[in-house]
Amino acid sequence: MPILAEIRALAADALAVMRHPDARGAVVIYSVLSLAFFIGALWTAGLVWTLVAAAIGIAILPVVEFVTHRYVLHLLELARTPPTAAFWNRAHYAHHMEPRDTRVILAHPASAVLLIAVVASIVWFIGLAPVAPLVAVGFALFAFYEIVHFACHMDGETRSAYFTRRRQEHALHHYVDENRNYGITTAIADRLFGTRIVDRKTLQRSPTVRNLGYTGEFADRYPYLKRDRDQPPGEPR
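Residues numbered from 1 in each chain as written. Predicted model: local features only at pLDDT ≥ 70, side-chain atom pairs only at ≥ 80, totals over all residues. Heavy atoms only, no water.

Looking at the overall build of the protein chain
Along the protein chain, the regular secondary structure elements total 9 helices and 0 strands. Beginning at the N terminus, the succession of helices and strands in the protein chain can be written as α-α-α-α-α-α-α-α-α. For 237 residues, the compact-globule estimate of 2.2 N^0.38 gives 18 Å, and the C-alpha radius of gyration of the protein chain, at 19 Å, lies within 12% of that figure. The C-alpha extent of the protein chain, read off along each of the three principal axes, is 55 × 45 × 35 Å. Buried positions account for 43% of the 237 residues belonging to the protein chain. (Helix = DSSP H or I, 4+ residues; strand = E, 2+ residues; numbered from the N terminus. Rg over C-alpha atoms; globule rule 2.2 N^0.38 Å. Buried < 20%, exposed > 50% of the residue type's maximum accessible area, 1.4 Å probe, protein only.)

Brief notes about the environment of Asp13
Along the chain, the position of Asp13 falls in helix H1 (residues 3-18). Sequence-distant contacts of Asp13, that is, excluding residues within four places in its chain, are made with Met154, Thr158, Arg159, Ser160 and Phe163. (Contact = heavy atoms within 4.5 Å.)

Observations concerning the packing of aromatic side chains
If you walk through the whole model with that rule in mind, you get 11 aromatic pairs. Residues Phe142 and Tyr145 carry aromatic rings whose centres are separated by 6.0 Å and whose planes lie at 40° to one another, so their mutual orientation is tilted. Of the two residues, Phe142 and Tyr145 are both situated in helix H6 (residues 131-153); the distance of 3 residues between them amounts to about one turn of the helix. An identical accessibility class is assigned to Phe142 and Tyr145; each is buried. Ring centres of Phe218 and Tyr222 lie 4.9 Å apart, and the angle between their planes is 55°; on these two criteria the pair is classed as tilted. When sorted by exposure, Phe218 lands in the same class as Tyr222, which is buried. (Phe/Tyr/Trp six-rings, centres within 6.5 Å; stacked < 30°, edge-to-face > 60°.)

Looking at a nonpolar patch on the surface
Taken together, the side chains of Val48, Trp49, Val52, Ile56, Ile60 and Val64 make up a nonpolar region of the molecular surface, amounting to roughly 530 Å² of accessible area. Locating Trp49 in the fold gives a position in helix H3 (residues 46-73). (Patch = residues over 30% accessible without salt bridge, like charges linked within 9 Å, V, L, I, M, F, W, Y side chains within 5 Å. Areas by Shrake-Rupley, 256 points an atom, 1.4 Å probe, with all protein chains shown as cover. Salt bridge = Lys/Arg side-chain N within 4 Å of Asp/Glu carboxyl O.)

Notes on the packing of helix H2 (residues 21-44) against H6
Viewed as axis vectors pointing N to C, H2 and H6 meet at an angle of 155°, and their least axial separation amounts to 7 Å. With respect to H6, the element H2 is oriented roughly antiparallel. The hand of the H2/H6 crossing is left-handed. Here H2 contributes Asp22, Ala23, Val27, Tyr30, Ser31, Leu33, Ser34, Phe37, Phe38, Gly40, Ala41 and Thr44 to the contact with H6, which in turn contributes Ala132, Pro133, Val135, Ala136, Val137, Phe139, Ala140, Phe142, Ala143, Glu146, Ile147 and Phe150. (Axes fitted to C-alpha atoms, helices over the stretch in contact; angles between N-to-C directions. Parallel < 35°, antiparallel > 145°, perpendicular 65-115°, else oblique. Left-handed = near helix turned anticlockwise from the far one by under 90°.)

Here we look at the environment of Trp88
Within the element layout of this structure, Trp88 appears in helix H4 (residues 82-97). On the basis of relative accessibility, which here comes to 0%, the residue Trp88 falls in the buried class. Contacts of Trp88, omitting those with residues within four sequence positions, involve Leu73, His74, Leu75, Leu76, Leu78, Ala79, Tyr93, Asn211, Leu212, Tyr214 and Leu225.

Here we look at unusual backbone geometry
The backbone of Asn181 sits at a positive phi, close to 55°, despite the residue not being glycine. You can see Asn181 is positioned in the loop between helix H7 (161-175) and helix H8 (188-193). Exposure remark for Asn181: the relative accessible area of 1% places this residue in the buried category.

Considering the side chain of His95
Considering the arrangement of structural elements, one finds His95 in helix H4. One polar contact links His95 to His174, side chain to side chain, over a distance of 3.1 Å. Setting aside chain neighbours within four positions, we find His95 in contact with Val104, Ile105, His149, His153, His170 and His174. (Polar contact = N/O pair within 3.5 Å; in protein donor to acceptor, adjacent residues only side chain to side chain.)

Quick notes on H6
Compared with the 33 Å implied by 1.5 Å per residue over 23 residues, the 33 Å span of H6 between its first and last C-alpha is a close match. Among the 23 residues that make up H6, 18 are buried, leaving the element largely enclosed by the rest of the structure. (Expected span 1.5 Å × (residues − 1).)

Overview of the nonpolar core
Proteins that are soluble and globular tend to have nonpolar side chains buried together. Membership of the largest hydrophobic core comes to 23 residues, with the highest contact counts inside it found for Val17, Tyr30, Leu106 and Phe150. Residue assignment for this core shows that the elements contributing at least two residues are H2, helix H5 (109-126) and H6. Looking at which element gives the most residues to this core, the answer is H6, with 10 residues. Within the second largest apolar cluster, 13 residues are counted, among which are Leu78, Tyr93, Met97 and Ala219. (Core = buried A, V, L, I, M, F, W, Y, C linked by side-chain atoms within 4.5 Å.)

This is how it looks when you write it as structure tokens:
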């Protein structure tokens with residue numbers, strides 16, 4: 001696809017996400033916060049620090065996505081107590097149980113704001129760098145991440161080659177093997193760590209692709225979440 005056509009298709013896909021009521025509010029919140037902190041960053045830290053923060057954020061995003069998705073969002077141990085089970089259910093478990101439910105695709109905005117606030121507080125406390133640029137970039141990248149993730153699941157076809165590829169690879173994560181294709185916005189980290197797959201014919205369907213391992217004796221012992229009663233999942237669109 002020619003680059004100008006791809007840019008137009010990307011814009012159309014992003015606008016389609018923004019028109020959906022289950023995505024629009026969160027993305028607008030992150031975008032407004034990002035803009036406000038970018039203005040503050042330029043005022044307090046200057047252009048150079050702001051650009052450095054943007055470059056660092058973009059560079060580490062694939063690894064941050066991978067580590068968070070694989071080692072936090074798929075952490076079965078979170079189901080051991082009612083409070084952590086409730087957090088895990090809203091953060092990711094319910095999304096794997098019902099990948100087409102648009103109400104549970106995105107993170108709750110409060111959790112995203114809290115996460116960025118905690119990271120920014122740590123950076124400020126140890127005096128590593130000006131905080132405003134990091135917060136601005138954090139909210140901007142989170143908005144981008146959520147747009148891509150929502151586009152992977154919403155009804156209808158995507159127009160751009162980028163969104164179509166991300167959608168296809170993410171579908172394999174949800175419907176074939178939850179231990180593959182952790183990356184949302186890019187496959188860079190999956191390539192790096194050997195977890196990328198593009199051909200579903202090379203995989204057998206994982207028995208825990210929906211329940212993330214919350215089944216059997218473990219689920220009996222910690223009965224705090226909805227059980228997957230071995231219902232066959234829907235096919236990826």
